[in-house]
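# Examination of the molecular architecture
Now for the letters of each chain:
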Amino acid sequence: MALTPFQQQLHDRIVAADEVTAPPAPWQPVGRGLIPVGALQGIGFATDPGTGNDLVLVVSASGHGLFDAVTGEKLEREYDPEDDPDGPDLSCPGLGPVADVRIPVAGLWGGGLHSSAHGGWSVEVISPEWPSHRVLLTHGPWDAGHGETWWHVFHASWSTFRAAGFSPSGRTLAVATSSDLTLWRR
């Protein structure tokens, strides 16, 4: 099936923005940016009841981990969790400060994260050169150029894309692949 002229123009514009760029202010990378997680399968968000900070639950083939989304620090690790994501919300038990809640997870099994956040921010995942995925952060109309109202912030070309989206608070943007987790905060 051929692309319409509009689709072809959009495709060409996105492919031309081949370089990954840092998100604009107020977004900043968490920690060193990329957190290695072997055999990552999915991620979900929770809120630390003590600090109000976003937390990221990472589900991998070797267990579950809980990360602080402000610092990138690993807070807890469970090597032999009782449950993998299940149920209609694909949730699994929390760890550490959120051990008493079930956390919905997005990734290998399906599910999804928030695609928009307050303040007019959105995230788009596209594959103009499948199987590579590009994650675009947007703030405004698409008719402006790359680096003006949309930014190519991640290119999943070395491992398999799992999920991308905002925390429920909108303060954290996460991208997960089969080998790593990347976080930005505002």
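Preceding this section is the structure that the text describes.
These notes cover the structure that comes with them. Here the structure is a predicted model, which is why all the values come from computation and not from measurement.

### Details of unusual backbone geometry
For the peptide bond that leads from A25 to P26, omega is 15°, which places it in the cis range. Following the sequence through the fold, P26 ends up in the loop between α1 (5-16) and β1 (28-36). A positive phi angle, close to 50°, is found at L90, a residue other than glycine. Assignment of secondary structure puts L90 in the loop between β5 (74-78) and β6 (91-93). By relative accessible area, which is 19% here, L90 ends up buried.

### Digging into the side chain of S167
One can find S167 in the loop between β13 (161-166) and β14 (172-177). Within the structure, the side chain of S167 is placed 2.8 Å from the side chain of D54, a separation counted as a polar contact. For S167, the contacting residues outside a window of four places in its chain are F45, D54, H114 and T172.

### Remarks on the packing of aromatic side chains
Considering all chains together, one arrives at 4 aromatic pairs under this definition. Centre to centre, the rings of W27 and F166 are 5.8 Å apart; their planes meet at 35°, and the pair counts as tilted. Of this pair, W27 sits in the loop between α1 and β1 while F166 sits in strand β13, and the two are 139 residues apart along the sequence. Both rings, one in F154 and one in W158, keep their centres 5.4 Å apart while their planes meet at 55°; by these two values the pair is tilted.

### Overview of the nonpolar core
Counting residues in hydrophobic clusters, the biggest one holds 17 residues, and the most contacted among them are L40, I43, V56, V58, L181 and L183. Only β1, β2 (40-47), β3 (54-60), β14 and β15 (180-185) provide two or more residues apiece to this core. Looking at this core, the element that brings in the most residues is β2, giving 3 residues. Listed in part, the 16 residues of the second largest apolar core include V135, L137, V153 and F166.

Definitions and limits used
Residues numbered from 1 in each chain as written. Predicted model: local features only at pLDDT ≥ 70, side-chain atom pairs only at ≥ 80, totals over all residues. Heavy atoms only, no water. Helix = DSSP H or I, 4+ residues; strand = E, 2+ residues; numbered from the N terminus. Buried < 20%, exposed > 50% of the residue type's maximum accessible area, 1.4 Å probe, protein only. Polar contact = N/O pair within 3.5 Å; in protein donor to acceptor, adjacent residues only side chain to side chain. Contact = heavy atoms within 4.5 Å. Phe/Tyr/Trp six-rings, centres within 6.5 Å; stacked < 30°, edge-to-face > 60°. Core = buried A, V, L, I, M, F, W, Y, C linked by side-chain atoms within 4.5 Å.

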